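Working through the structure, step by step
Here are the chains, one letter per residue:
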Amino acid sequence: MILNHLDIDKIRKQFPVLDQQVYGKPLVYFDNAATTQKPLCVIERERDYYLHENCNIHRGVHYLSQMATEAYENARKTVAQFINARQPQEIVFTRGTTESLNLLATSLGQLLVGEGDKVVVSAMEHHSNMVPWQQMLFRSKGELLVIRMDKNGVLDLNHYEELLKQKPKIVSIAHISNTLGTVNPIKEMIAMAHKYDIPVIIDGAQSMAHQVIDVQDLDCDFYVFSGHKMYAPMGIGGLYGKMEWLEKMPPYQFGGEMVDKVSFEKTTFNKVPFKFEAGTPNVGAALGLETAVKFIQSFDRQEVEAYEDELLRYATEQLSGIEGMRFIGQAPKRNGLISFVIDGIHPYDLGTIIDKMGVAVRTGHHCAEPVMTFFGIPGTVRASFAMYNTKEEIDVFVKAVERAANMLR
Ligand code: PMP
């Protein structure tokens, strides 16, 4: 069922965690880029699984095992439809974005990256989309090429083109930066890489909850994401990959489930996606993820996007009046979050004080230290929004920032 207008009060009722006081103040939760809260339907789905369906999957002939297997495979179908994958088998369940990227650095790396080869990432990557490549390239004596960005947090596409001419083997870039909020022009960047026959991985950790993703339209080779940033439980996420790549790629981890025939002499492997799902998966969380997808789909996506954009615009406008305010990341296309520093004030001090006023934001380098180095700052204060946030909460947040800044000046 699609609601024809957003009823934020009604939405908030589905997130009991929001309805509490911290330090005697109503909680304002603006740390959604770190993890979103979970609606009751997701919590109940996981609980129901443990109450009535818990069983290991793909292994038993008995009733429960078959039910759990079917439910898990249905979850894969739901996720595939959500991002318009060609077939459910193109979805590999993982623990989340970090594991998906490690899988790719290991497996796709092994397939494509030889001694001295190059991989392209951007200057605004989360450590998860940088360190796995860097470490892999240390071993292969290769080179990490980094797309430059400007002071607004916009990638330099001319520089990107220059890097592509160096014939890297893989491009791996964030859809939306978790530090700057920049929405990268990934469709264009994917097409640019494809002109050189280079596969592209998109880190979608920050986009799945906020934007409609169509992997066929984007034509990305891989798209990776975390459930916990899209109203689903922790410990589940995924990797979409084009079947022709997944079939060619070697397994990432070895053990039960991912094998076909095993002897002491030799092992053959299961088909995609099971080849990449060694061991017992987090079945309950996968079912929670499916429910989270259905939860997101129960709204008009454009309306949610417009609402979240309005929260961002309003927060930017309200904060800009504060003395010494410096926004980090001013790309024309931003989504979901706002990052800033205030002259002479350490972001950590600011975050600690506003926490005592009930406001939860993230402070620090947000797992993107090179971004902080680029801007010459130790960290930022980051407020990130979800569909259940309100302008009233932004008012509380802005007042808290103002008061804290006055105390610290
Ligand atoms: N990439 C981006 C852009 C992120 O925002 C995050 C989470 N902050 C990650 C990767 C890592 O995600 P996870 O910790 O869920 O694996």
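Within the chain, the regular secondary structure consists of 14 helices and 17 strands. Taken against the 2.2 N^0.38 rule, which gives 22 Å for 409 residues, the C-alpha radius of gyration of the chain at 22 Å falls within 12% of a compact globule. In terms of overall dimensions, the chain has a C-alpha envelope of 70 × 55 × 35 Å along the principal axes. Considering the chain as a whole, with its 409 residues, one finds that 57% of them fall into the buried category.

Core analysis: the biggest nonpolar cluster contains 109 residues, and Tyr160, Tyr231, Leu319, Phe340 and Phe397 have the highest contact counts within it. The leading source of residues in this core is helix α10 (residues 283-297), at nine residues. Counting residues in each nonpolar core, the second largest holds 25 residues, with Val92, Met136, Ile201 and Trp245 among its members.

Ordered by their spatial adjacency, seven strands build an open sheet running β4-β10-β9-β8-β7-β5-β6, and the pairing between neighbours is mixed. The sheet is open, and its two edges are formed by β4 (91-94) and β6 (143-147), each paired on a single side. The sheet shows a mean angle of 20 degrees between the axes of neighbouring strands, direction not considered. Two strands pair when backbone bridges link them, and β4 and strand β10 (residues 237-241) are joined in this way by four bridges, in the antiparallel orientation.

Now for the domain arrangement of the chain. For the chain, the assigned domains are domain 1 (8-30 + 300-408) and domain 2 (43-297). Taking the mean C-alpha position of each, domain 1 and domain 2 sit 28 Å from one another. Between domain 1 and domain 2, the contact holds 30 residues from the first and 29 residues from the second. Each partner contributes to the roughly 2,600 Å² buried at the junction of domain 1 and domain 2, and carbon and sulfur atoms together form 59% of this total. It is Arg301, Asn335 and Phe374 in domain 1 that bury the most area against domain 2; as a group they hold 26% of the surface buried on that side. Where domain 1 meets domain 2, there are zero salt bridges. There are 14 residue pairs in polar contact (both at pLDDT 80 or more) connecting domain 1 and domain 2. If you list the elements that add at least two residues to the side of domain 1 that touches domain 2, you get α11 (301-319), β14 (337-342) and α13 (369-375). Of all the elements, α13 adds the most residues to the side of domain 1 that touches domain 2, at six residues.

Cut-off values and rules
- Residues numbered from 1 in each chain as written.
- Predicted model: local features only at pLDDT ≥ 70, side-chain atom pairs only at ≥ 80, totals over all residues.
- Heavy atoms only, no water.
- Helix = DSSP H or I, 4+ residues; strand = E, 2+ residues; numbered from the N terminus.
- Rg over C-alpha atoms; globule rule 2.2 N^0.38 Å.
- Buried < 20%, exposed > 50% of the residue type's maximum accessible area, 1.4 Å probe, protein only.
- Core = buried A, V, L, I, M, F, W, Y, C linked by side-chain atoms within 4.5 Å.
- Pairing = 2+ DSSP bridges.
- Axes fitted to C-alpha atoms, helices over the stretch in contact; angles between N-to-C directions.
- Domains from an automatic or database assignment.
- Contact = heavy atoms within 4.5 Å.
- Buried area = accessible area lost by both parts, 1.4 Å probe.
- Salt bridge = Lys/Arg side-chain N within 4 Å of Asp/Glu carboxyl O.
- Polar contact = N/O pair within 3.5 Å; in protein donor to acceptor, adjacent residues only side chain to side chain.

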